[in-house]
Amino acid sequence: QVQLVESGGGLVQAGGSLRLSCAASGGTFSSYAMGWFRQAPGKEREFVAAISWSGGSTSYVDSVKGRFTISRDNAKNTVYLQMNSLKPEDTAVYYCASGPNLSERFRKGVGVRYWGQGTQVTVSS
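The rules we used
- Residues numbered from 1 in each chain as written.
- Predicted model: local features only at pLDDT ≥ 70, side-chain atom pairs only at ≥ 80, totals over all residues.
- Heavy atoms only, no water.
- Disulfide = S-S within 2.5 Å.
- Helix = DSSP H or I, 4+ residues; strand = E, 2+ residues; numbered from the N terminus.
- Polar contact = N/O pair within 3.5 Å; in protein donor to acceptor, adjacent residues only side chain to side chain.
- Pairing = 2+ DSSP bridges.
- Axes fitted to C-alpha atoms, helices over the stretch in contact; angles between N-to-C directions.
- Salt bridge = Lys/Arg side-chain N within 4 Å of Asp/Glu carboxyl O.
- Buried < 20%, exposed > 50% of the residue type's maximum accessible area, 1.4 Å probe, protein only.

### A few points about the state of the cysteines
Counted by the stated rule, this structure contains 1 disulfide. A sulfur-sulfur distance of 2.1 Å marks the disulfide that ties Cys22 to Cys96. Taking the torsion about the sulfur-sulfur bond, which here is approximately -85°, the covalent link between Cys22 and Cys96 counts as left-handed. Taken as a pair, Cys22 in strand E3 (residues 18-25) and Cys96 in strand E9 (residues 92-99) lie far apart in primary sequence, 74 residues in all.

Okay, structure coming up:
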């Protein structure tokens, strides 16, 4: 069993920044790809960003490229999402996720094995 716990969400004005953290326990962190999804009210869950087990490969949804950066610290069993130039449309519950590989299956959610509980991000206009 793996547990993922997100933190760092909150309320920020448009153009501002937040950094989300996800701490993992109960498994071999360095063996997993890690990522972030988000879900806004009334909308489907959406892939945001992912990073390979080594940190050598990353993937982002087009709408956040150039604004968000995913990183990981395997020694701390933690993955981060630095969010800059935030927009109101970024408002959502953000979920940490882990799976065997950074792949299209992961980005679609079907390759995700473990999910965090979510943290709320609200961007005001």
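### What about the environment of Ser17?
With respect to the secondary-structure elements, Ser17 resides in the loop between strand E2 (10-13) and E3. For the pair formed by Ser17 and Arg38, sequence separation is 21 residues and the distance between their alpha carbons is 16 Å. Side-chain polar atoms of Ser17 contact the side chain of Asn84, separated by 2.9 Å.

### So, the sheet that holds strand E1 (residues 3-7)
With antiparallel pairing, the 4 strands of this open sheet are ordered in space as E1-E3-E8-E7. Each end of this open sheet is capped by a strand with a single partner; those strands are E1 and strand E7 (68-73). Put simply, the sheet's adjacent strands are angled 15° from each other on average, direction ignored. Pairing geometry for E1 and E3, over 5 bridges, is antiparallel. When the bridges of E3 are listed, Glu6 appears paired with Cys22.

### Remarks on unusual backbone geometry
The backbone of Asn77 sits at a positive phi, close to 50°, despite the residue not being glycine. Of note, Asn77 is situated in the loop between E7 and strand E8 (78-83).

### Remarks on the pattern of salt bridges
Under the defined criterion, the tally for this structure stands at 5 salt bridges. Residues Lys65 and Asp62 are paired through a salt bridge, measuring 3.0 Å at the closest nitrogen-oxygen approach. Judged by its relative accessible area of 62%, Asp62 is exposed. Linking Glu104 and Arg107 is a salt bridge whose minimum nitrogen-to-oxygen distance equals 3.1 Å. Here Glu104 and its partner Arg107 are both found in helix H1 (residues 104-108), 3 residues apart, which amounts to about one turn of the helix. Taken together, the shared-partner salt bridges in this structure form one network comprising Arg38, Glu46, Arg67 and Asp90.

Remember that the coordinates give geometry; whether it matters functionally is a separate question.
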